[in-house]
Structures are given as structure tokens and as C-alpha cells.
Amino acid sequence: MNSLVHKTLVVQLQAGAADRCPVLAHLSYDAADPFAVTAVFSHDGRVLARWRLDREMLTEGLRRRVGVGDVRMRPVSTGMWEELCVEFLGDARPDGGRQRAVVFAWAPAVAAFLRETREAVPPGREEVRIDDFLQDVLAGG
């Protein structure tokens, strides 16, 4: 059983009302942190953003609209493609709005990555080392 799962996808970053540009999304899962998926977005060798996402939320986002905070997901069907739309909300702008990025990923590729994470740690079998967590918190980590 592999406790680390990695997948790199080409996703589409929505730039403006309809324009999209390709960026890389490096997804990683570590059984030592069983509820989280890390997504690192890069372009031309430069890291654009790094987000920690909830594994269950990603799974649900492939089926229905989820999220009310800084990350929102929903399935999108264009007839030919099944995509996962992920909206990231960032810091406040001077005009009162918030920074926003929208990424579209090919849903079957995300689903395949999530299947691999479930092979590493099946849902309901996640273990959290509370003593280690509390030790980190008390140490200021």
C-alpha cells in the first residue's frame, strides 16, 4: 500500500469572463494527513498558489455544488467534457470584492486521483494522532 499519492494534471485557469489558460495542478495526498489533499498550481516553473483541500469535499464536488467559504466546487458538464470547477476566494480588494481564481479540471482525472487516495486510506479508516497534534500545538508548531 502506497501512503503517498501524486498526480499532475493540466487544468484550465479562467482568466476573465470566458478565456482560459492552461496551468499545472500538482495534487498530493499523504496518509499521515488523511483528510487533506494539497494542490499546488504552477505555470512556467513558477508556483502560483498552494491550497490544502478537504478530500471528502473534492469527492462531493464531483457530484454536487459544495463549499461556502474560501473554496467552492461544482461539477460542470459541457456535453463533451465533465469538469470539476473549483473557485478560490482570496484577500479583499480595495473595491470591497475579493481576489478570485477559477480552475477547471477534467473530472475523470480528479476521480482517478481520489480513487488512489481511497486505496491508500479508505474513508472511515483515517487515523489522526491526537497526541502528536497536541504536542505540536503546545510547542507552538
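Because the structure is predicted, anything quoted here is derived from the model rather than measured.

## Considerations on helix α2 (residues 107-120)
Stage number 1. For α2, built from 14 residues, the straight-helix expectation of 20 Å at 1.5 Å per residue is met to within 8% by its first-to-last C-alpha distance of 20 Å.
Stage number 2. Along α2, the residues that are buried comprise A107, A109, V110, F113, L114, T117 and A120. For α2, the buried positions fall inside an angular range of 165° around the axis, keeping them on one side.
Stage number 3. The secondary structure elements touched by the buried residues of α2 are β1 (4-14), β2 (20-30), β3 (36-43), α1 (55-61), β6 (82-92) and β7 (98-106).

## Section: the nonpolar core
Stage number 1. Ranked by internal contacts, the top residues of the largest apolar core, which has 26 residues, are V11 and M73.
Stage number 2. Only β1, β2, β3, β5 (71-77), β6, β7 and α2 provide two or more residues apiece to this core.
Stage number 3. If you tally residues by element for this core, the top one is α2, at five residues.

## Some remarks on the sheet that holds β6
Strands pair in a sheet through their backbones, by hydrogen bonds, and they do so in one of two ways: parallel or antiparallel.
Stage number 1. Taking strand neighbours across the sheet as the criterion, the seven strands line up as β4-β3-β2-β1-β7-β6-β5 in an open arrangement whose pairing is antiparallel. For this open sheet the edge positions go to β4 (46-54) and β5, each flanked by a neighbour on one side alone. Strand-to-strand twist of the sheet, defined as the mean angle between neighbouring strand axes without regard to direction, takes the value 30°.
Stage number 2. Pairing of β5 with β6 involves seven bridges; the strand directions are antiparallel. Note on β6: the bridge partner recorded for V71 is F88.
Stage number 3. Against the sheet, α2 engages β1, β2, β3, β6 and β7, with an angle of about 160° to β1.

## Quick word on the pattern of salt bridges
Stage number 1. This model, assessed by the stated rule, comprises seven salt bridges.
Stage number 2. Note that E60 and R63 form a salt bridge whose closest N and O atoms lie 2.7 Å from each other.
Stage number 3. Here E60 ties to R64 by a salt bridge, and the two come within 3.0 Å at their closest N and O atoms.
Stage number 4. Among the charged side chains, a salt-bridge network with shared partners connects E60, R63 and R64.

Cut-offs applied
Residues numbered from 1 in each chain as written. Predicted model: local features only at pLDDT ≥ 70, side-chain atom pairs only at ≥ 80, totals over all residues. Heavy atoms only, no water. Helix = DSSP H or I, 4+ residues; strand = E, 2+ residues; numbered from the N terminus. Expected span 1.5 Å × (residues − 1). Buried < 20%, exposed > 50% of the residue type's maximum accessible area, 1.4 Å probe, protein only. Arc of directions from axis to C-beta. Contact = heavy atoms within 4.5 Å. Core = buried A, V, L, I, M, F, W, Y, C linked by side-chain atoms within 4.5 Å. Pairing = 2+ DSSP bridges. Axes fitted to C-alpha atoms, helices over the stretch in contact; angles between N-to-C directions. Salt bridge = Lys/Arg side-chain N within 4 Å of Asp/Glu carboxyl O.

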